[in-house]
Amino acid sequence: MRIALITGASSGMGEVFARDIDRDEKDIDEIWLIARRKERLEEVASKLTHPTRVIPMDLCVEENLNDLEKMLDEENIQVGIFIGCAGYGKIGNYEKISRYDSEHMIDLNCKVAISTTLIAIPHMRAGDRIVELCSTSSFLPLTHLNIYAAGKAFLLSYSRALRLELLPKGIMVTAVCPWWVGDTEFLGIARNNEANPDVEQSIHRFFFPSKKENVVRMALKASRRGKAVCTPGAICTVVRFFSKLVPNTTMLYIWEVVRRA
């Protein structure tokens, strides 16, 4: 049985990935949705036409990762598409983000992303695909998003290297690096910070936000084409281009102007 395995599937882009894969990927037999919120997963599953398995679990718990690995091993599963959407961010500088949130961002955005990818790879064959959700922040350090940006830079670097390692097997890896996505829960969670009631002073405006449907559509298109990196929109493409030409220190000062605007 060939499946699509989607983490962070209860809302936002994970939900849209599930919907678009359900509509467009005809060689998928079943869709597996993973997130913590069972009710939200069931709501997403109810809208899909493919047979869908709801797997409510917190992937930051090691036992749950072991359970997922066992499920794939015992049922002779082929992972045709792996979508790594689990992640979150918090806005604020080093004084304003709690140690718990700082460590949890690293666990979810880095450790879980790697662990779930490594669990999926042994069940993949030539023609199968991995999509890792990175960020425009992957391309440069960002004050008041320092841990989130560093984690996404880590994931982008990992994805680029993993792609070359998997090329002999015919497995494609695409890192997706969107700008702000305005119609998901991400910004609401990032700004809801009890330790930082002045979060609005950290980033004043979120200019030109992307739409999740557009990001996912372009991401899946890039994945089908075997692209290494997808920048689904004008802003992220411009940032990616100039990050290769302009020193990081200069880019940081430009970011300081943007975030205070």
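Now for a description of the structure that goes with this document. As the structure is a computational prediction, the values presented were derived from the model and not from experiment.

A few words on the nonpolar core. Leu5, Trp32, Leu72, Val79, Met124 and Ile130 are the most contacted members of the largest nonpolar core, which has 54 residues in total. Look past the residues within four positions of Trp32 in its chain and what remains in contact with it is Ile3, Ala4, Leu5, Ile6, Arg53, Ile55, Met71, Leu72, Glu75 and Ile77. Core analysis: the second largest hydrophobic core is formed by 29 residues, Ala4, Val215, Val216 and Ala222 among them.

Take the pattern of salt bridges next. All chains considered together, the criterion is met by 12 salt bridges. Here Glu25 ties to Arg129 by a salt bridge, and the two come within 3.1 Å at their closest N and O atoms. Of the two residues, Glu25 sits in the loop between α1 (12-24) and β2 (30-35) while Arg129 sits in strand β5 (residues 129-133), which places them 104 residues apart along the sequence. Summarising the burial analysis for this pair, Glu25 and Arg129 share the class buried. With its nearest N and O atoms 2.7 Å apart, the salt bridge here joins Glu75 to Arg53. In this pair, Glu75 sits in the loop between α3 (62-74) and β4 (78-84) while Arg53 sits in strand β3 (residues 52-56), placing the two residues 22 residues apart along the sequence. Three or more residues joined by partner-sharing salt bridges are found here, namely Arg19, Asp20, Arg23 and Asp24.

So, on to the packing of α3 against helix α4 (residues 99-120). The interhelical angle for the contact between α3 and α4, taken along N-to-C directions, is 20°, at an axis separation of 10 Å. The orientation of α3 with respect to α4, classified from their angle, is roughly parallel. Two packed elements cross with a definite hand, and for α3 against α4 that hand is right-handed. Each of Glu62, Leu65, Leu68, Glu69 and Leu72 in α3 lies in contact with α4, whose residues at this interface are Lys111, Ser115, Thr116 and Ile119. A per-class count over the contact of α3 with α4 returns 4 nonpolar, 2 polar and 3 charged.

Moving on: the pairing of strand β1 (residues 2-7). For β1, the tally of buried residues reaches 6 of 6 residues, placing the bulk of the element in the interior. Here 6 bridges tie β1 to β4, and the two strands are oriented parallel to one another. Across the sheet, residue Arg2 finds its bridge partner in β4, namely Gln78. Summarising the sheet, β1 and β2 pair through 5 bridges and their orientation is parallel. For Ile6, the partnering residue across the bridge sits in β2 and is Leu33.

What follows deals with helix α7 (residues 212-225). Along its 14 residues, α7 runs 20 Å from first to last C-alpha, staying within 8% of the 20 Å computed at 1.5 Å per residue. Those residues of α7 that sit buried are Lys212, Val215, Val216, Ala219, Leu220, Ala222 and Ser223. On an axial view of α7, the arc spanned by its buried residues comes to 160°, and they lie on one face. Buried residues in α7 make contact with α1, β4, β5, β6 (172-176) and β7 (229-230). The positive-phi residue at the C-terminal boundary of α7 is Gly226, with phi of around 75°.

Calculation notes
- Residues numbered from 1 in each chain as written.
- Predicted model: local features only at pLDDT ≥ 70, side-chain atom pairs only at ≥ 80, totals over all residues.
- Heavy atoms only, no water.
- Core = buried A, V, L, I, M, F, W, Y, C linked by side-chain atoms within 4.5 Å.
- Buried < 20%, exposed > 50% of the residue type's maximum accessible area, 1.4 Å probe, protein only.
- Contact = heavy atoms within 4.5 Å.
- Salt bridge = Lys/Arg side-chain N within 4 Å of Asp/Glu carboxyl O.
- Helix = DSSP H or I, 4+ residues; strand = E, 2+ residues; numbered from the N terminus.
- Axes fitted to C-alpha atoms, helices over the stretch in contact; angles between N-to-C directions.
- Parallel < 35°, antiparallel > 145°, perpendicular 65-115°, else oblique.
- Left-handed = near helix turned anticlockwise from the far one by under 90°.
- Nonpolar A, V, L, I, M, F, W, Y, C, P; charged D, E, K, R; others polar.
- Pairing = 2+ DSSP bridges.
- Expected span 1.5 Å × (residues − 1).
- Arc of directions from axis to C-beta.

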